[in-house]
Amino acid sequence: MSSTSATSPQPFLLDLHVQFILGLDKKQDEFEYWASEQLRLNGVLWALTSLDLMNRKAELKRQDVIEFVLSCQNEDGGFGGSVEHDSHIAYTLSAVQIMMTLDAMDRLDASRVITYIQSRALADGSFSGDEWGEVDTRFCYITINCLSLLGRLDAIDVPKTVQYIDACRNFDGGFGCRPGAESHAGQTALAIVGALELVEADKLGWWLAERQLKNGGLNGRPEKLEDVCYSWWVMSALSILDRVHWINKDSLIKFILESQDPETGGIADRPGDYPDVFHLVFGVAGLSLLGYPGLQPVDPRYCMSRYITDKLPKFNVDWKGVNKE
Amino acid sequence: MSADQHHQKKVKTTNEEREAQRQRSIKKLAEYKGLCSLVSAKRKAKEYDDAAFNLTTKLLSLNPEFYTMWNFRRQIILDRRTRMDTEAYQALCLSELQLADAALKINPKSYWVWNHRRWILENMPEAAWTRELKLLGRMLDMDARNFHGWGYRRYVIAASGARSPKEEFDFTTEKISQNFSNYSAWHYRSKVLVQAFADPAERAKVIDNEFELVRNAIYTEPADQSAWLYQRWLLSLVPQDMDRWSKELESVQELVEIEPESKCKVIMQGQG
Ligand SMILES: [Zn+2]
């Protein structure tokens, strides 16, 4: 059952991954399916994006997905993780990304979404995740990402938000989730999406490249275990900084391929663990970013196919890593 | 926000085991769905009574990630507050903190539970900071790198003013001496050092000692990145001090001879 074979590298199991995704919805008589209901909208996004990157988007019933997404929108304009779940800025972004991927923006009441996002803005340029007040740079990124997809960055005070992100920069060049917090690869990827001009590219690039471990995988913080999802965050950050060549691509490709489950499909956090759709999407996106053949090119800022984000109006920032072929 | 599926080693199971597991799961689901539909009716009717409160307790014990239930619970707490004296309300908040303790024991990385904790502390008549610091001490003893634990510690210190930057500096000394590879502690140290030693002469002396500490750490754990990163930061505090830079370079060269595998490229790059 071990998926680690040192001699012959495992091929990419595209069809098996499609089967894995289509099987996710067939476990509705089990507790575990409903116990993750609060993040169903994210699950749908990860499944859809995985399929899209594998050129198999049509496997999901477009109309059903659209109706489900719309049923998650609440009176305040934000989206919950599922029907009858409270609004949160993270699920609001997922909803917008799904509608964008399905080319269904005409079905979305964007003005209500924008009103919700504006209501989350705080005086110091940061954003709270929901009405209960958690603050995190993740939410700055989510806001910027979401509004850029809606073509409405003018709806918030971007320079103020950038200033806040800057206050979260650390001695190693990385970014934490709040001023004073330890650097984290995920936060860092998000931060530079929000404010690329702040970045000390070489210092940060070095910190990021140091996340690669002997087995090819990358970790999220120094002295932690390698993980497929962090491999994505680190690499997307390096890609935006135009420094993907600072890591060993071949050994990372091998690590991701070894994290596939050859029995059920899907990708796990690392070889030999149970697979899930979260690590599947970041594994597939990672392979795409590394130039693995047969996949749609991915946009490192959004973790969405480039053919979708290419339609977006240009930012006022020069996204070197993205515009370069 | 991530679907927290990490470190779940795949184990071989027999068909019977899988079937038994499935049956347990189906039974548990019946209970869960029953509770969900009861609570859904309460939420829609805006009924903030004891029955609703108890339903959230049960649901959250089955699924602590059900964030909408934490939200509903706080709505109920706010409603109760209007009908309670301060003492009773304080007691309610303390029991909420205990509930969060139990939930964090099961999943120390749950954003929603940490949020609930913070909200309770910010909304209770007399915030129980001493209790929080004790809990945090225990948590960081168990997992010295818990991201949430460190973040929450910074929050508690800032909100309570219970400990001075100097005391926090000493706390990081303690954590680092337990384990030189504790990057979280090194990071925190870089933040509190600047706050604790504002006087330039005093700070210069402290920085001298820091280089000594870093040297010890590097010689003990040469393959570890933590101390190297900290050293790089220390050097950035003394950009003009050429004596210091050449002294550090010397000791790095010494180390390269003994430990070719070490992370010496940090300082080499810093030079360039
Ligand atoms: Zn992961």
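Residues numbered from 1 in each chain as written. Chains lettered and ligands numbered in written order. Predicted model: local features only at pLDDT ≥ 70, side-chain atom pairs only at ≥ 80, totals over all residues. Heavy atoms only, no water.

Caption draft 1: Layout of the packing of helix H10 (residues 200-220) of chain B against helix H11 (residues 226-237) of chain B. All names here are of chain B. Between H10 and H11, the shortest axis-to-axis distance is 10 Å and the interhelical angle comes to 155°. Considering the angle they form, H10 stands roughly antiparallel to H11. Remark: the crossing between H10 and H11 carries left-handed chirality. Across the interface between the two elements, Ile-207, Glu-210, Phe-211, Val-214, Ala-217 and Ile-218 of H10 pack against Ala-227, Trp-228, Tyr-230, Gln-231, Leu-234, Leu-235 and Leu-237 of H11. (Axes fitted to C-alpha atoms, helices over the stretch in contact; angles between N-to-C directions. Helix = DSSP H or I, 4+ residues; strand = E, 2+ residues; numbered from the N terminus. Parallel < 35°, antiparallel > 145°, perpendicular 65-115°, else oblique. Left-handed = near helix turned anticlockwise from the far one by under 90°. Contact = heavy atoms within 4.5 Å.)

Caption draft 2: Region of interest: the domain arrangement of chain B. Residues and elements named next belong to chain B. Entries for chain B in the domain assignment read domain 1 (31-163) and domain 2 (165-272). Taking only C-alpha atoms, the centre of domain 1 and the centre of domain 2 are 38 Å apart. Residue-level contacts link 10 residues of domain 1 with 12 residues of domain 2. When the buried area of domain 1 at its contact with domain 2 is split by residue, Arg-145, Trp-150 and Arg-163 rank highest and sum to 57% of it. (Domains from an automatic or database assignment. Buried area = accessible area lost by both parts, 1.4 Å probe.)

Caption draft 3: Broad picture of the state of the cysteines. Within this structure, the stated rule accounts for zero disulfides over all chains. For the unlinked cysteine Cys-303 of chain A, the closest cysteine sulfur is that of Cys-229 of chain A, found at 11 Å. (Disulfide = S-S within 2.5 Å.)

Caption draft 4: Seen up close, unusual backbone geometry. Its identity is not glycine, yet Cys-303 of chain A carries a phi of approximately 55°, on the positive side. By the element assignment, Cys-303 of chain A lies in the loop between strand E1 (298-299) and strand E2 (304-305). We note that His-7 of chain B has phi near 55°; this positive angle belongs to a residue other than glycine. Positionally, His-7 of chain B belongs in the segment before helix H1 (15-44).

Caption draft 5: Structural detail: the coordination of the zinc ion. Surrounding the zinc ion are the protein donor atoms Asp-227 of chain A (OD), Asp-227 of chain A (OD), Cys-229 of chain A (SG), His-279 of chain A (NE2) and His-6 of chain B (NE2), at 2.0 to 2.4 Å. A residue pair is termed long-range when its members are at least 10 positions apart, and Asp-227 of chain A in the loop between helix H10 (201-209) and helix H11 (228-240) and His-279 of chain A in helix H13 (residues 277-289) qualify at 52 residues. The burial state of Asp-227 of chain A is the same as that of His-279 of chain A; both residues are buried. (Donors = N, O, S within 2.8 Å, 3.2 Å for Na, K, Ca; no water. Buried < 20%, exposed > 50% of the residue type's maximum accessible area, 1.4 Å probe, protein only.)

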